[in-house]
Amino acid sequence: MEKHIAMTTNRLITMLVLLCLALGANAKKKKQDYPRSEIKVSYNYYNKFLRGSDGIVEKNTPFILLANHNESKFYCPSTEYKDSLLSTPSGRAKEKKMFDAAVAAYVQNRDESLWTGWYITLSYT
């Protein structure tokens with residue numbers, strides 16, 4: 001009787017190992033968070049706007065299109081970074097620190113260089 005139980009146990013273990021191997025071999029790979037693109041197209045959007053004492057300021061804004069046969073992504077790298085900052089509490093804290101530094105630099109010596117990329121309209125009196 002013990003021999004029969006041992007053989008049955010061995011068969012069961014063998015079948016389970018083979019089943020696990022088969023499932024592992026047939027399992028789909030995890031989908032990548034960022035799919036590979038087959039084509040990349042980029043361009044710069046050129047615009048002029050009025051900014052306080054600087055007068056007319058010219059700005060180039062890059063845009064990128066990544067695409068493959070399943071999906072595509074069209075975005076502006078600088079706004080994507082800002083949006084990702086605002087998506088978490090630690091990112092919002094970092095964004096606030098950057099904003100405060102830009103305001104402090106402007107208040108101290110009218111330095112507008114840190115405003116680059118911020119979509120803020122300041123009114124001057």
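Throughout what follows, the structure given in this document is the object of discussion. (Residues numbered from 1 in each chain as written. Predicted model: local features only at pLDDT ≥ 70, side-chain atom pairs only at ≥ 80, totals over all residues. Heavy atoms only, no water.)

## Thoughts on the pairing of strand β1 (residues 39–51)
Note the threshold: Strand pairing is assigned whenever DSSP detects at least two bridges linking the two strands. Secondary structure follows DSSP: runs of H or I at least 4 residues long count as helices, runs of E at least 2 residues long count as strands, and numbering of each begins at the N terminus.
Bridge count for β1 against strand β2 (residues 55–67) is 13 bridges, and the pairing is antiparallel. Bridging across to β2, Phe49 finds its partner in Val57. Connecting β1 to the next strand, β2, in antiparallel fashion are 3 residues, including Gly52 with a positive phi near 45°.

## Here's the deal with helix α3 (residues 89–109)
An α-helix turns once every 3.6 residues. As a result, residues three or four positions apart point the same way. Going by this rule: Working rule for helices: expected span equals 1.5 Å times residues minus one. The rule is simple: take the accessible area with a 1.4 Å probe, protein chains only, and divide by the maximum for that residue type; under 20% is buried, over 50% is exposed, in between is partly exposed. Comment: arc refers to directions from the helix axis out to C-beta atoms. Two residues form a contact once any of their heavy atoms are found within 4.5 Å.
Taking 1.5 Å of rise per residue, 21 residues should cover 30 Å, and α3 covers 31 Å from first to last C-alpha, within 8% of that figure. Along α3, the residues that are buried comprise Gly91, Glu95, Ala102, Ala105 and Tyr106. Projection of α3 onto a plane perpendicular to its axis shows the buried side chains occupying an angular sector of 100°, all on one side. Pointing more than 90 degrees away from the buried face of α3 are the exposed residues Pro89, Ser90, Lys97, Val107 and Gln108. Where α3 is buried, its residues touch α2 (77–85). Where α3 terminates, the next one or two residues include Arg110, which has phi positive at roughly 55°.

## Topic: the packing of aromatic side chains
Where we set the bar: Pairing of aromatic side chains here covers Phe, Tyr and the six-membered ring of Trp, requires ring centres within 6.5 Å, and sorts the geometry by plane angle: under 30 degrees stacked, over 60 edge-to-face, intermediate tilted.
For the structure on display, the rule yields 3 aromatic pairs. Look at Tyr43 and Phe74: their rings are 6.5 Å apart centre to centre, the planes differ by 20°, and that puts the pair in the stacked class. Of this pair, Tyr43 sits in strand β1 while Phe74 sits in strand β3 (residues 72–75), and the two are 31 residues apart along the sequence. Residue Tyr43 is classed as partly exposed on the basis of its relative accessible area, which comes to 42%. Centre to centre, the rings of Phe63 and Phe74 are 5.7 Å apart; their planes meet at 10°, and the pair counts as stacked. Note that Phe63 is positioned in strand β2 and Phe74 in strand β3, a separation of 11 residues in sequence. A network of ring pairs unites the aromatic residues Tyr43, Phe63 and Phe74 as a single cluster.

## Observations regarding the environment of Leu86
Along the chain, the position of Leu86 falls in the loop between α2 and α3. Taking the C-alpha atoms as reference points, Leu86 and Lys96, separated by 10 residues in sequence, lie 9.6 Å from one another. Apart from residues no more than four positions distant in its own chain, Leu86 is found in contact with Arg92 and Glu95.

## Some remarks on the sheet that holds β3
Filter applied, for reference: Interaxial angles span 0 to 180 degrees and are taken between N-to-C directions of axes, which are lines fitted to C-alpha atoms, for helices over the stretch in contact.
Sheet architecture is open: 3 strands sit in the order β1-β2-β3, paired in antiparallel fashion. The open sheet has two edge strands with one neighbour each: β1 and β3. Averaged over neighbouring strand pairs, the angle between their axes works out to 15° when direction is ignored.

## What to know about the pattern of salt bridges
Threshold: Salt bridge criterion: a side-chain nitrogen from Lys or Arg within 4 Å of a carboxyl oxygen from Asp or Glu.
With the rule as written, the count across this model stands at 2 salt bridges. Salt-bridge contacts for Lys73 lead to Glu80; the nearest nitrogen and oxygen are separated by 2.6 Å. Of the residues examined, Lys73 reaches a relative accessible area of 32% and is grouped as partly exposed. Of the residues examined, Glu80 reaches a relative accessible area of 32% and is grouped as partly exposed. Among the salt bridges present, the one from Asp100 reaches Lys96, with a minimum N-O distance of 2.9 Å. Here Asp100 and its partner Lys96 are both found in helix α3, 4 residues apart, which amounts to about one turn of the helix.

Geometric descriptors of this kind do not, in isolation, establish any biological role.
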